[in-house]
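Given next are the chains, with one letter for each unit.
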Amino acid sequence: MTMLSNLAPIPELYVSYESAQKLKAEAADLTGWDLTPRQICDLELLMNGGFNPLKGFLSEADYDNVVDNMRLADGTLWPMPITLDVSEDFAERIQLGQDIALRDLEGVILGTMTVTDRWMPDKHHEAKMVFGTDDQAHPAVNYLHNAAGKVYLGGPVTGIQQPVHYDFKARRDTPNELRAYFRKLGWRRIVAFQTRNPLHRAHQELTFRAAKEAQANLLIHPVVGMTKPGDVDHFTRVRCYEAVLDKYPASTTSMSLVNLAMRMAGPREAVWHGLIRANHGCTHFIVGRDHAGPGKNSKGDDFYGPYDAQDLFRKFQDEIGVEMVDFKQMVYVQERAQYEPHDEILDKDQVTILNISGTELRRRLREGLDIPEWFSFPEVVQELRNRFPPRSQQGFTVFFTGFSGSGKSTIANALMVKLMEMGDRPVTLLDGDIVRKNLSSELGFSKEHRDLNIRRIGYVASEITKNGGIAICAPIAPYETTRRAVREEIEKFGAFCEVHVATSIEECERRDRKGLYKLAREGKIKEFTGISDPYDVPADPELRVETENVEVDNCAHQVLLKLESMGLIAG
């Protein structure tokens, strides 16, 4: 098919400026929901037409059909459930037919929603249908079960104002702004390249070829909303993209940022991305190998096949209205000093094929090793080195977990002193008792409060790590899901070393310096870890230390050796 863009404006959900001012005043008296970062991304694309034809958060009938059949109730292709997940407490206060105000994290009203539907979803079914798995190693499945609210609300949205973005304002375009830009330039065939990673020479070569193959102009359309935990932050990525833009022929290429919250849903996500690009006026879309795949499952296998996304997109591309350009794996042929599609190299046994994986790139950055110019642009490498100095210069967190009385605090104190003796980075100890006194004095010991306490510790540790310091945490932290959430928060900024102090419950009870186990046995302390409340033993910590008949100094030294082997401290 020959795709030419229809660049007429698409429907938005915003009201006029005058109506918005009036509505904002009225909405101040409505019950308000404070949107999560993901919901803010979803609302922005609902309001500006990026999620056209959706008119709001999905009704229950639309949700059921999207989950089971990738279609809205009226049969329109739509593969991703866009739902407003809320707490049970909030849902109980809402009547069907009621209008609610949708607020950002600062309390600014972005829009209103008329609640037409309220239901408790079967999240296990949603996970299996949408993501093809209920394995919580998948970031969106983990989010679904451990972060998303238990109740879904559906109903039409009225847009009052766009979320405020203070960064890269000139690079942020609504679908209609991009369509107007394409009209102005006379572009009728536009191939979009979605990326959540920095661009290197292979990506540039692939996008060159894709645009040439499609006889189209190129839109570099990176996601700056929410991507996969552990991805390079969008500030660094956009600076990398801007460094590469002038490598493209003038007036053939443009870049715009899309505030999308990715789900990493592989094949379904590719179809979703295609529909979003159609709304932005694009005619072609590059679908990559393992497009929007989240990596490995808990058994170490890929969640999706390498070409599953391309196969599903191809099946629906006429309906999407966007033609797929399949990703060619580009590799560097040393003898010819150029990039070529791997499957088109006929003399593979006679030439030297070079490639650097994402894992290898991260290793080279972490260890301060050379990154060759054939692989990336010097400007991009410099941006990445600024953001990811060698590990021995980064902040990091050591997170001790174990039963009360296991020796966590004692080892943590010894470790703190040893690291302070080295003197190359500031060291902060976030011991459980110290945090309870200074950060969480109002919290009790219910599961909810203990979780909140650990998340506070994780937040403070992430800030210390981000700013190049060393955080040492020593809470009990009995729950795996909470420890994982803390790890993800910290690994955005530096390394995380989980140390399981594996002292047995019998030994901890024998020590019982604070008399807590005795009180727990007598029923005077409820929900006590190891007695009346479970402890999830870490399955794969960076280090496990035994403290029975082992000197504290020796335990702390084991941690130092582990930190040295991880490249975090000099030997």
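Above this note sits the structure.
Residues numbered from 1 in each chain as written. Predicted model: local features only at pLDDT ≥ 70, side-chain atom pairs only at ≥ 80, totals over all residues. Heavy atoms only, no water.

**Q** What is the right way to read the overall build of the protein from this model?
**A** Each helix and strand counted, the protein has 20 helices and 20 strands in total. A compact globule built from 571 residues should have a C-alpha radius of gyration of about 25 Å, and the protein, at 26 Å, falls within 12% of that. The principal-axis extent of the C-alpha atoms belonging to the protein is close to 75 × 70 × 40 Å. Within the protein, buried positions represent 53% of all 571 residues. Approximately 25400 Å² of the protein is accessible, and the part contributed by carbon and sulfur atoms is 49%. Distance from the positive charge centre (69 side chains) to the negative charge centre (83 side chains) of the protein: 2 Å. (Helix = DSSP H or I, 4+ residues; strand = E, 2+ residues; numbered from the N terminus. Rg over C-alpha atoms; globule rule 2.2 N^0.38 Å. Buried < 20%, exposed > 50% of the residue type's maximum accessible area, 1.4 Å probe, protein only. Areas by Shrake-Rupley, 256 points an atom, 1.4 Å probe, with all protein chains shown as cover. Lys, Arg positive; Asp, Glu negative; His and termini not counted. Charge placed at Lys NZ, Arg CZ, Asp CG, Glu CD.)

**Q** So what exactly am I meant to see when it comes to the sheet that holds strand β13 (residues 330-333) here?
**A** Whenever strands of a sheet pair, they do so through backbone hydrogen bonds, lying parallel or antiparallel. Taken together, the three strands give an open sheet; going across it, the order is β14-β13-β15, and neighbouring strands pair in antiparallel fashion. Looking along the sheet, the strands with just one partner apiece sit at the ends: β14 (338-341) and β15 (353-354). Here two bridges tie β13 to β15, and the two strands are oriented antiparallel to one another. Note that in β15 the partner of Y332 across the bridge is L354. The strands touched by helix α8 (residues 201-214) within the sheet are β13 and β14, with β14 carrying the most contacts at an inclination of about 60°. (Pairing = 2+ DSSP bridges. Contact = heavy atoms within 4.5 Å. Axes fitted to C-alpha atoms, helices over the stretch in contact; angles between N-to-C directions.)

**Q** So what exactly am I meant to see when it comes to the side chain of Q394 here?
**A** Note that Q394 resides in the loop between α13 (378-387) and β16 (396-401). Within the local environment of Q394, its side chain forms a polar contact with the backbone oxygen of P389, the two atoms lying 2.8 Å apart. (Polar contact = N/O pair within 3.5 Å; in protein donor to acceptor, adjacent residues only side chain to side chain.)

**Q** Sorry, what's going on with the pattern of salt bridges here?
**A** Oppositely charged side chains are able to pair whenever their charged atoms sit close together. Taken as a whole and judged by the stated rule, the model has 34 salt bridges. Between E507 and R511 there is a salt bridge, with its nearest N and O atoms 3.0 Å apart. Of this pair, E507 and R511 are both found in helix α18 (residues 505-511), four residues apart, which corresponds to roughly one turn of the helix. Here E507 falls in the buried class, since its relative accessible area comes to 12%. Shared partners join several salt bridges into a network, and the residues in it are E480, R483, R487, E491, E498 and E542. (Salt bridge = Lys/Arg side-chain N within 4 Å of Asp/Glu carboxyl O.)

**Q** Explanation requested: the packing of helix α5 (residues 123-131) against helix α6 (residues 139-146) in the structure shown.
**A** When two helices pack together, their arrangement is given by the angle between their axes and by how far apart the axes lie. Close contact between α5 and α6 brings their axes to 10 Å; oriented N to C, the two are set at 165°. The angle between α5 and α6 places the two elements in the roughly antiparallel class. Taken as a pair, α5 and α6 cross one another with a handedness that is right-handed. Facing α5, whose interface residues are K123, H124, E126, A127 and F131, α6 presents A140, V141, L144 and H145. The residue makeup of the contact of α5 with α6, split by class, is five nonpolar, two polar and two charged. (Parallel < 35°, antiparallel > 145°, perpendicular 65-115°, else oblique. Left-handed = near helix turned anticlockwise from the far one by under 90°. Nonpolar A, V, L, I, M, F, W, Y, C, P; charged D, E, K, R; others polar.)

**Q** Please clarify how the environment of V287 should be interpreted in this entry.
**A** Mapping V287 onto the fold places it in strand β11 (residues 284-287). Sequence separation of V287 and F327 is 40 residues, and the distance between their C-alpha atoms is 5.7 Å. Once you skip the residues sitting within four places of it in the chain, V287 turns out to touch A270, A309, Q310, F313, M324, V325, D326 and F327.

**Q** Any chance you could explain the side chain of N48 here in plain terms?
**A** Along the chain, N48 falls in the loop between α2 (37-47) and β2 (56-57). Using a relative accessible area of 3% as the deciding quantity, one classes N48 as buried.

**Q** What am I meant to see in the pairing of β16 here?
**A** In regular strands, side chains alternate between the two faces of the sheet. The buried fraction of β16 amounts to six of the six residues, a majority that puts the element mostly inside the structure. The side-chain alternation of β16 yields two buried faces, one formed by F396, V398 and F400 and the other by T397, F399 and T401. Relative to strand β18 (residues 470-474), β16 is paired through four bridges, and the arrangement is parallel. Residue pairing in the sheet places V398 in a bridge with I472 of β18. Where β16 lies against strand β19 (residues 495-501), six bridges are found, and the strand directions are parallel. Its bridge partner being in β19, V398 is matched across the sheet by C497.

**Q** Just to check I follow, could you spell out the packing of aromatic side chains for this structure?
**A** The description of an aromatic ring pair rests on the distance of the ring centres and on the angle between the ring planes. According to the stated counting rule, one finds 19 aromatic pairs in the structure shown. Relative to Y535, the ring of F403 has its centre 5.0 Å away and its plane inclined at 50°; by these criteria the two rings are tilted. One end of the pair, F403, is in the loop between β16 and α14 (408-422); the other, Y535, is in the loop between α19 (516-521) and β20 (543-545), and 132 residues separate them in sequence. Accessibility expressed as a relative area gives 16% for F403, which makes it buried. Judged by its relative accessible area of 11%, Y535 is buried. What links up through ring pairs into an aromatic cluster is the set Y332, Y339, W374 and F375. (Phe/Tyr/Trp six-rings, centres within 6.5 Å; stacked < 30°, edge-to-face > 60°.)

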